[in-house]
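Chain by chain, the residues run as shown.
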Amino acid sequence: MESDPPGVTEPEPAEPFRYDAEVDPGEKRHIRYEVGESYLGDPVQIPVTVINGEHGGKTLFLSAGIHGDELNGVKVVQEVAERYDPEGLHGTIVCLHVCNVPAYEAQQRYTPIYDQDMNRSFPGGERSNTTGRMANEIYRRFVAPCDIGLDFHTSTRNRTTIYHARADLENTAIERLARAFATNVVLYGTGDAGSLRSVATADGIPTVTVEMGRAHRFQPVLVEKALEGVESVLAEYGLLPTEPVHWPGWFESTAADTTKRWLRADAGGLVEMEWGPYPLVHEGETICTVTNHFKTEEHVVDAPFDGLILGALENPVAAPGHPLCHLMELDRETREEIEREIARGEFDGYRAHGDVWADG
Ligand SMILES: [Zn+2]
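- An unreviewed UniProt entry lists the chain under the name Succinylglutamate desuccinylase/aspartoacylase family protein, from Halorubrum tibetense.
- According to its UniProt record, the chain has this under Cofactor (unreviewed entry): "Zn(2+)".

### Some remarks on the sheet that holds strand 16 (residues 298-302)
Item 1. Ordered by their spatial adjacency, 4 strands build an open sheet running 16-15-13-18, and the pairing between neighbours is antiparallel. At either margin of the open sheet sits one strand with a lone partner, and together these are strand 16 and strand 18 (317-318).
Item 2. Pairing of strand 15 (residues 286-291) with strand 16 involves 5 bridges; the strand directions are antiparallel. Paired with T286 across the two strands is D302, which belongs to strand 16.

### Quick word on the domain arrangement of the chain
Item 1. Looking at the assigned domains, one finds that the chain contains domain 1 (17-252) and domain 2 (260-357).
Item 2. Counting residues at the interface gives 12 residues for domain 1, matched by 15 residues for domain 2.
Item 3. Counting only elements with at least two residues in the side of domain 1 that touches domain 2, the list comes to strand 8 (159-167) and helix 6 (220-236).
Item 4. Here the side of domain 1 that touches domain 2 gets 4 residues from one element, more than from any other, and that element is strand 8.
Item 5. Within the side of domain 1 that touches domain 2, the residues separate by chemical class into 4 nonpolar, 5 polar and 3 charged.

Conventions used here
Residues numbered from 1 in each chain as written. Predicted model: local features only at pLDDT ≥ 70, side-chain atom pairs only at ≥ 80, totals over all residues. UniProt positions renumbered as here; feature names shortened; annotations may be inferred. Pairing = 2+ DSSP bridges. Helix = DSSP H or I, 4+ residues; strand = E, 2+ residues; numbered from the N terminus. Domains from an automatic or database assignment. Contact = placed C-beta atoms within 7 Å. Nonpolar A, V, L, I, M, F, W, Y, C, P; charged D, E, K, R; others polar.

The following block contains the structure:
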């Protein structure tokens, strides 16, 4: 066997992708994979696309629809599945278009009737409840064979969230992935027990959650950003010969160094958002007001510090304790960077259109 010149590593051999069948190198296959049964005993099938490159390399999974009403990621996965082919690809892309099919068909977050949360059900098992069994099929067939993963979510219904990644930044393998995906905001967190991110990561499959916008919608500006992020990840890990994007900055938080606060209503009533068009507020600025129906009482919610609005209520009614706005404190340097971007017109992907931002 010939030895390689120094500094050159042997290319990884192209291998079949194995679930309980095989997708050969050079093959792209659309699969309907049975993960459970309906009340009628009919198969519950998830749509999966496996794109196995003609060359060997890393295997990346993309998952969407773990929460059934979170649609932006479903669109991202559909586009990725169509966009890439085995020709010229070094490695494999596994596209899990919709993970929780019963929830997706009902257009709701959780599995219907029993409100089981698939993102607390991984890795699941053969003796788990319905959602845990589906999660288990998905996990062992399609996630476990992968090297890295991106799991796409949106805010829960009636709220919206800024485009950002959630990642355990103290894990260098995950930090690499999060930086390659290149959102402007990366928030630290290890993820909840039973979430796909935490379980896959603990299994040695670094996984980042991407949060984008609101439920029940396609938001083209966010979908486009996510597609650029996927392309950058493919480049970073050598699946494509292009150059990765570098993390564009503004914000990354680590475990203890960030103040994030949900501002909550103290009175019941009608909510009017006052912030915008950019999700940047300065200390003392009014974020929203809550008025009673006679408009005889008004509660004003001011920003307690200079901050970036990470998430906001969209449904304009509130009871005491209701979350109105998720605000993250900014240091002066970050705030000034954002202000410069706003002045240059580079912040428009985060500009509010009506009551949400980046709707396209
Ligand atoms: Zn979600």
